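Fold and contact review
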Amino acid sequence: MKAIVCKAWGLPDTLVLEDLPDPQPGPGQVLLQVKAAAVNFPDVLIIQGKYQYQPPLPFTPGNEVSGVVLSVGEGVQAYKPGDKVIAFSAHGGFAEQMLAPSASLMLMPPGMDFDTAAAITLTYGTSHHAVVDRAQLKAGETMLVLGAAGGVGLAAIEIGKALGARVIAAASTDEKLAVCQAHGADVLLNYSSGDLREAIKAATGGKGPDVIYDPVGGAYAEPAFRSIGWRGRYLVVGFANGDIPKLPLNLALLKGASLMGVFWGEFVKREPKANQAGMIQLLGWLAEGRIRPHISARYALADTAQALNAMAARKVTGKVIIQP
Ligand SMILES: NC(=O)c1ccc[n+]([C@@H]2O[C@H](COP(=O)([O-])OP(=O)(O)OC[C@H]3O[C@@H](n4cnc5c(N)ncnc54)[C@H](OP(=O)(O)O)[C@@H]3O)[C@@H](O)[C@H]2O)c1
């Protein structure tokens, strides 16, 4: 089978496409024919050795996958060859075949296509854990989403709207903001120029957002945190802008505000039942049309580096899918 292989830490162009022996499922594992694998910003970091988790080299990146079960290992009873499944694995997704722990699989609901199935675990799981579980956003509250046209950002917008909140989308171009509007954002804020604090103040009538969802970090974080409302919840989701910001703690005191860390991968390991409940709610919203993953581009397996380069260059909206 063909697979993308990371042999040494480096940028996407250092990845190679190789022919590898077909994997065999061990106890508790399922072997999948990968139909679609979504690209996420953490993939760009993992191959450079810059992520919280570093797989041993060589490895195949990619962890948000949909596919068809080819065979199952000892002890697996819940799945059989031919089942269409949604899968999440530590790595291995950018390949024609992938091994996944059976506990990480879900059957694809009838009628769901493979691309959508590959776009809802990590991205929507992260934003659901952040917005519903950590921030406990309520109907009528206001949430500001930074990097709002990206994978987790668009998911946060849709989840905010599904909960009945008012959502302010902030992004770097008007084209990206148009995508945010199409996914339900109430207010659009282009943060590529101008004073971010003033813009947030104007968008909230001076009150400040109740929740701020930040997957970007860098220079946006401090002005955003300074603008948060009373009893605000600031969700630390990621640092796509590169720099990990430092915040003066008096800002939290002045607003009675909370800084909330979000680490979905660890949440899944430590609280699998809570994650499962979140996924069930997400699948319900998907069936009702309240959420719909935005697939902006599809690439062949051989072009995986191009997909990762586009993401690193800030050129992606919503989700990008690799179709092996
Ligand atoms: N905590 C967790 O559990 C968890 C889970 C998944 C992802 N994440 C993190 O969340 C962040 C977003 O992930 P994603 O998959 O949604 O990525 P994405 O689709 O690439 O979105 C990231 C957004 O960040 C903005 N951005 C600002 N400066 C950037 C830069 N220098 N390079 C690239 N993007 C930049 C871009 O929007 P504008 O151009 O509009 O600014 C972009 O749309 C990443 O840091 C990722 O590691 C965290």
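Look above for the structure.
Summarised in this report is the structure supplied together with it. If you're wondering where the values come from, they're calculated on a predicted model, not measured in any experiment.

Right, let's get into the overall build of the protein chain. Counting secondary structure elements, the protein chain contains 11 helices and 15 strands. Against the globule reference of 20 Å for 324 residues, the protein chain gives a C-alpha radius of gyration of 20 Å, in line with a compact fold. Each principal axis of the C-alpha atoms in the protein chain carries an extent, and together these give about 60 × 40 × 35 Å. When each of the 324 residues of the protein chain is scored for burial, the buried share is 52%. Of all intrachain contacts in the protein chain linking residues separated by at least 6 positions in sequence, the fraction that spans at least 24 positions is 68%.

Let us look at the nonpolar core. Counting 41 residues, the largest nonpolar core has Val131, Met143, Ile157, Tyr213 and Leu235 as the members making the most contacts within it. For this core, the elements supplying multiple residues, two or more each, are α3 (122-134), β8 (142-145), α4 (151-162), β9 (166-171), α5 (174-182), β11 (211-214) and α10 (272-287). Broken down by element, this core gets its largest block of residues, seven residues, from α4. Composition of this core by domain shows at least three residues from each of domain 1 (2-120 + 293-323) and domain 2 (126-265).

Turning to unusual backbone geometry, a few remarks are in order. A negative phi holds for most residues other than glycine; trans holds for most peptide bonds. Following Leu57, the chain continues to Pro58 via a peptide bond in cis, the omega torsion being -10°. Along the chain, Pro58 turns up in the loop between α1 (41-46) and β4 (64-72). One non-glycine residue with positive phi stands out, namely Gln136, at about 50°. On the secondary structure map, Gln136 appears in the loop between α3 and β8. Judged by its relative accessible area of 47%, Gln136 falls in the partly exposed class.

Another aspect to go through is the pairing of β8. The side-chain alternation of β8 yields two buried faces, one formed by Thr142 and Leu144 and the other by Met143 and Val145. Pairing geometry for β8 and β9, over four bridges, is parallel. Within β9, the position partnered with Thr142 by the bridge is Arg166. Taken together, β8, α4 and β9 form a β-α-β motif whose crossover is right-handed. Relative to β11, β8 runs parallel, the two sharing three bridges. Along β11, the bridge assignment pairs Val145 with Tyr213.

So, on to α4. Here α4 is 12 residues long and its end C-alpha atoms lie 17 Å apart, about the 16 Å a rise of 1.5 Å per residue gives. The element α4 is extensively covered by neighbouring structure, given that 10 of its 12 residues are classed as buried. Taken as a whole, α4 has its buried residues at Val152, Gly153, Leu154, Ala155, Ala156, Ile157, Glu158, Ile159, Gly160 and Ala162. Contacts from the buried residues of α4 go to α3, β8, β9, α5, β11 and α10. The first or second residue beyond α4 is Gly164, which carries a positive phi of 90°.

Residues in close proximity to the ligand total 26 residues, the closest being Ser172, Lys176, Tyr191, Val262 and Arg314. Here an oxygen atom of the ligand sits 2.7 Å away from a polar atom, N or O, in the side chain of Lys176. Trp264 has a polar backbone atom sitting 2.8 Å from an oxygen atom of the ligand. Burial of the ligand by the protein chains amounts to 94% of its free accessible area of 900 Å².

It is worth spelling out the pairing of β9 at this point. Sheet faces and side chains relate simply in a regular strand, where the side chains alternate between the two faces. For β9, a buried count of five out of six residues is recorded, marking the element as mostly surrounded by other parts of the structure. In this structure, β9 lies alongside strand β10 (residues 187-190), joined through four bridges in parallel fashion. Paired with Ile168 across the strands is Val187, a residue of β10. The β-α-β motif built from β9, the intervening α5 and the parallel element β10 has right-handed crossover chirality.

Reading the values: rules and limits
- Residues numbered from 1 in each chain as written.
- Predicted model: local features only at pLDDT ≥ 70, side-chain atom pairs only at ≥ 80, totals over all residues.
- Heavy atoms only, no water.
- Helix = DSSP H or I, 4+ residues; strand = E, 2+ residues; numbered from the N terminus.
- Rg over C-alpha atoms; globule rule 2.2 N^0.38 Å.
- Buried < 20%, exposed > 50% of the residue type's maximum accessible area, 1.4 Å probe, protein only.
- Contact = heavy atoms within 4.5 Å.
- Core = buried A, V, L, I, M, F, W, Y, C linked by side-chain atoms within 4.5 Å.
- Domains from an automatic or database assignment.
- Pairing = 2+ DSSP bridges.
- Right-handed = clockwise from strand over helix to strand, strands pointing away.
- Expected span 1.5 Å × (residues − 1).
- Near = heavy atom within 4 Å.
- Polar contact = N/O pair within 3.5 Å; in protein donor to acceptor, adjacent residues only side chain to side chain.
- Areas by Shrake-Rupley, 256 points an atom, 1.4 Å probe, with all protein chains shown as cover.

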